[in-house]
Protein chains: 2
Amino acid sequence: MTNRDEVDYVSGRTRVFGIVGHPIEQVRSPEMFTAEFRRRGRDAILVPMHVLPGDFDAILPPLLRMQNLGGLVFTIPYKARACVLAQVLGEQAQVVGAINALVKSADGRWQAEIFDGLGCVEAFRRRAIPFAAQRVMLLGAGGAGSAIAVAVAHQRPASLCIFDVDAGRATALAAKVARAHPDVAVTAGAATTTEIDILLNASPVGMLGDARLPLQVDTLPRGLVVFDAIVKPERTPLLALAEGCGCTTVQGREMMRGQISRMVDFFLA
Amino acid sequence: MTNRDEVDYVSGRTRVFGIVGHPIEQVRSPEMFTAEFRRRGRDAILVPMHVLPGDFDAILPPLLRMQNLGGLVFTIPYKARACVLAQVLGEQAQVVGAINALVKSADGRWQAEIFDGLGCVEAFRRRAIPFAAQRVMLLGAGGAGSAIAVAVAHQRPASLCIFDVDAGRATALAAKVARAHPDVAVTAGAATTTEIDILLNASPVGMLGDARLPLQVDTLPRGLVVFDAIVKPERTPLLALAEGCGCTTVQGREMMRGQISRMVDFFLA
């Protein structure tokens, strides 16, 4: 058998992971998780699994009985819906009410967690920028914002203020996070850059061709740390302004790398 | 994003195929089919799917609703059981009563065929050795033997004689093939090397460390074509004897290559 007859990256012994979403073609998890498995010397692969919303309940529960399925990643529109598949729900997933990773643990039970926020925290940890005792302003209380709020609150900042164009959504998230972290001053309020140390954008403003800023400012304080969860473009209008003002910046891509690393830890534990 | 962050062989656009079996670790289809997809420039991968017998009916029918699933290969112990998944059963699968490939056709229906025998015929075709008008002796009337008998009969040999240590099994297969091919002289009978042109071994005798021959002979006629379906070892005791007697030999590995090629034609049609 010549090399030409075989590839070297999949065999009968390969552990299979999947990303479940609708649509699926745009996801980047297959190439990125599989690369991380390889870097760690594990014979595993993550493949796309395109499941229509009307098929989710029929396909997913039985699929978990496939013996060599190591775990699943969930993306739009299934992060909340996938909670029902977990027998053990992680601390952050319980507060957020959504998961993006499901893994079969050693005892055979399926455990789940959401890593969107943990990826942001991991990106800051890798840059040695602490959240503890800092005053944090978060823009956006949607799916990503919720997960980031919960993960950041877990780091015991001095305060966490949440803004959303939908004020009710910001208030609801602040109340939920405050209940889980009574030791942190969590509030909903206006978007501001004064009397804060870290500015986090988890809103979609600035994505792709969008030239807008997620808050109305002309300049930013030099000492501010500015993070944007947006991955494309790497340099959002907000990060461009922050760089121009001499701020420290953290990119969405760093969060994505941090998240993949934490999720692979979870998958291979 | 550096190359190190990604692999190049799987993405959100990759079409997924699977091999379903129990056990699964020993299968070679993942590396071989995936290599064949690549040779043909297709973005597709075949992964192992380990399904326990008690889970087959729960997992398989819903799995077929996964939108980017291109098709499935079935191996031990599911070749007969998988027939229920097909809405259109191929000509050979109907006679054999088993399938090893299931594909979603353009009209959305799942069609199935068995390629074990077609792989043998393809191996002979590649070597330009015809079955038509030849006298064929087949040893073994099990799963592989049944598929080979049906595929070879389809090539209109002058005669096809089937031997099995279980005489009833040989008789039943001969009757089944004769019904499907009334124009071919199909019989069950003793293993012989006289008055035949082609000798096919589809019994397990000679596999791995087994030093036996599948029929009791000391020598073989020089003009005989001798085929062994066994893949390991490449040179079975039967093929070694045939080579020593100056016969033309065809290896199991050639059948495997022929089969994969025909199955990928079926998957990508």
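Let us look at the structure shown here.

Rules and cut-offs
- Residues numbered from 1 in each chain as written.
- Chains lettered and ligands numbered in written order.
- Predicted model: local features only at pLDDT ≥ 70, side-chain atom pairs only at ≥ 80, totals over all residues.
- Heavy atoms only, no water.
- Helix = DSSP H or I, 4+ residues; strand = E, 2+ residues; numbered from the N terminus.
- Contact = heavy atoms within 4.5 Å.
- Disulfide = S-S within 2.5 Å.
- Phe/Tyr/Trp six-rings, centres within 6.5 Å; stacked < 30°, edge-to-face > 60°.
- Buried < 20%, exposed > 50% of the residue type's maximum accessible area, 1.4 Å probe, protein only.
- Pairing = 2+ DSSP bridges.
- Axes fitted to C-alpha atoms, helices over the stretch in contact; angles between N-to-C directions.
- Arc of directions from axis to C-beta.
- Right-handed = clockwise from strand over helix to strand, strands pointing away.
- Least-squares fit on C-alpha atoms with pLDDT ≥ 70 in both.
- Salt bridge = Lys/Arg side-chain N within 4 Å of Asp/Glu carboxyl O.
- Polar contact = N/O pair within 3.5 Å; in protein donor to acceptor, adjacent residues only side chain to side chain.
- Nonpolar A, V, L, I, M, F, W, Y, C, P; charged D, E, K, R; others polar.

Topic: the environment of A:Thr248
(1) Moving on: Structurally, A:Thr248 is set in strand E12 (residues 248–250).
(2) Moving on: With sequence-adjacent residues up to four places away left out, A:Thr248 is seen in contact with A:Arg127, A:Ile129, A:Leu224, A:Val225 and A:Val226.

A word on the state of the cysteines
(1) Moving on: Inspection of the entire model under this criterion finds zero disulfides over all chains.
(2) Moving on: Its sulfur unpaired, B:Cys161 is 16 Å from the next cysteine sulfur, which belongs to B:Cys120.

So, the packing of aromatic side chains
Residue and element names in this part refer to chain A.
(1) Moving on: Across all of its chains, the model carries 19 aromatic pairs over all chains by this definition.
(2) Moving on: Ring centres of Phe124 and Phe227 lie 5.9 Å apart, and the angle between their planes is 65°; on these two criteria the pair is classed as edge-to-face. Taken as a pair, Phe124 in helix H4 (residues 116–126) and Phe227 in strand E11 (residues 225–228) lie far apart in primary sequence, 103 residues in all.
(3) Moving on: The buried category is assigned to Phe124, whose relative accessible area is 0%.

Quick look at the sheet that holds strand E8 (residues 159–163) of chain B
Residues and elements named next belong to chain B.
(1) Moving on: Strand order in the open sheet formed by six strands is E9-E8-E7-E10-E11-E12, and the pairing between neighbours is parallel. Bordering the open sheet on either side are strand E9 (185–188) and strand E12 (248–250), each of which pairs with just one other strand. Here the average twist between neighbouring strands, direction ignored, is 15°.
(2) Moving on: Summarising the sheet, strand E7 (residues 135–139) and E8 pair through five bridges and their orientation is parallel.

Here's the deal with helix H4 (residues 116–126) of chain B
(1) Moving on: By the criterion of burial, H4(B) is predominantly enclosed, with nine of the 11 residues buried.
(2) Moving on: B:Ala128, located one to two residues past H4(B), shows a positive phi value of around 60°.

Things to note about helix H7 (residues 237–244) of chain A
Residues and elements named next belong to chain A.
(1) Moving on: Considered for burial, the residues of H7 that qualify are Leu238, Leu239, Leu241 and Ala242. Looking straight down H7, one finds its buried side chains confined to an arc of 160°; they lie on one side.
(2) Moving on: Tucked inside the fold, the buried residues of H7 contact strand E10 (198–201), E11 and E12.
(3) Moving on: Looking one or two places after H7, you find Gly246, whose phi comes out positive at around 80°.

Comments concerning the sheet that holds strand E5 (residues 101–104) of chain B
Residues and elements named next belong to chain B.
(1) Moving on: Read from one edge to the other, the open sheet built from six strands follows the order E2-E1-E3-E5-E6-E4, with strand pairing classed as mixed. The open sheet is flanked by strand E2 (44–50) and strand E4 (88–89), the only strands paired with a single partner.
(2) Moving on: Looking at chain direction, E4 and strand E6 (residues 110–113) are connected through two bridges and run parallel. Bridge pairing in E6 places Val88 opposite Gln111.
(3) Moving on: Seen against the sheet, helix H1 (residues 29–39) touches strand E1 (15–21), E2 and strand E3 (69–74) and runs at an angle of roughly 165° to E2.

Some details on the pairing of E11(A)
Two faces make up the sheet, and in a regular strand the side chains alternate between them.
Residue and element names in this part refer to chain A.
(1) Moving on: Every second residue of E11 is oriented toward a common face, with Val225 and Phe227 on one face and Val226 and Asp228 on the other, all of them buried.
(2) Moving on: Both E10 and E11 contribute to a ladder of four bridges, which runs parallel. Across the sheet, the residue bridging to Leu200 is Phe227, located in E11.
(3) Moving on: In the sheet, E11 pairs with E12 via three bridges, with the strands oriented parallel. Each bridged residue has a counterpart across the sheet, and for Phe227 the counterpart in E12 is Val250.
(4) Moving on: In the classification by handedness, the crossover that spans E11, the intervening H7 and the parallel E12 is right-handed.

A look at the relation of the copies chain A and chain B
(1) Moving on: Each copy of the sequence occupies a distinct position, and chain A is placed on chain B by a rotation of 180° and an axial shift of 0.0 Å, giving an RMSD of 0.0 Å. This pairing of chains is accounted for by a two-fold axis. It is A:Leu63 whose C-alpha, among those of chain A, lies nearest the rotation axis, at 3.6 Å.
(2) Moving on: Most of the interface of chain A is mirrored in chain B, where 98% of its interface residues again form contacts.

As for the interface of chain A and chain B
(1) Moving on: Opposite the 45 residues of chain A that make contact, chain B presents 44 residues.
(2) Moving on: Remark: the boundary between chain A and chain B carries six salt bridges.
(3) Moving on: One salt bridge in this structure joins B:Glu6 and A:Arg28, with 2.3 Å as the shortest N-O distance.
(4) Moving on: On inspection of chain A and its partner chain B, the count reaches 16 residue pairs in polar contact (both at pLDDT 80 or more).
(5) Moving on: Listing elements by their share of the side of chain A that touches chain B, those giving two or more residues are helix H1 (29–39), strand E2 (44–50), helix H2 (56–63) and helix H8 (252–268) of chain A.
(6) Moving on: With seven residues, H1(A) is the single largest residue contributor to the side of chain A that touches chain B.
(7) Moving on: Considered class by class, the residues forming the side of chain A that touches chain B number 23 nonpolar, eight polar and 14 charged.

Looking at the side chain of B:Ser105
(1) Moving on: Mapped onto the fold, B:Ser105 is located in the loop between E5 and E6.
(2) Moving on: Here B:Asp107 takes part through its side chain, which lies 2.7 Å from a polar atom of the side chain of B:Ser105.

Bear in mind that shape data such as this cannot, by itself, settle questions of function.
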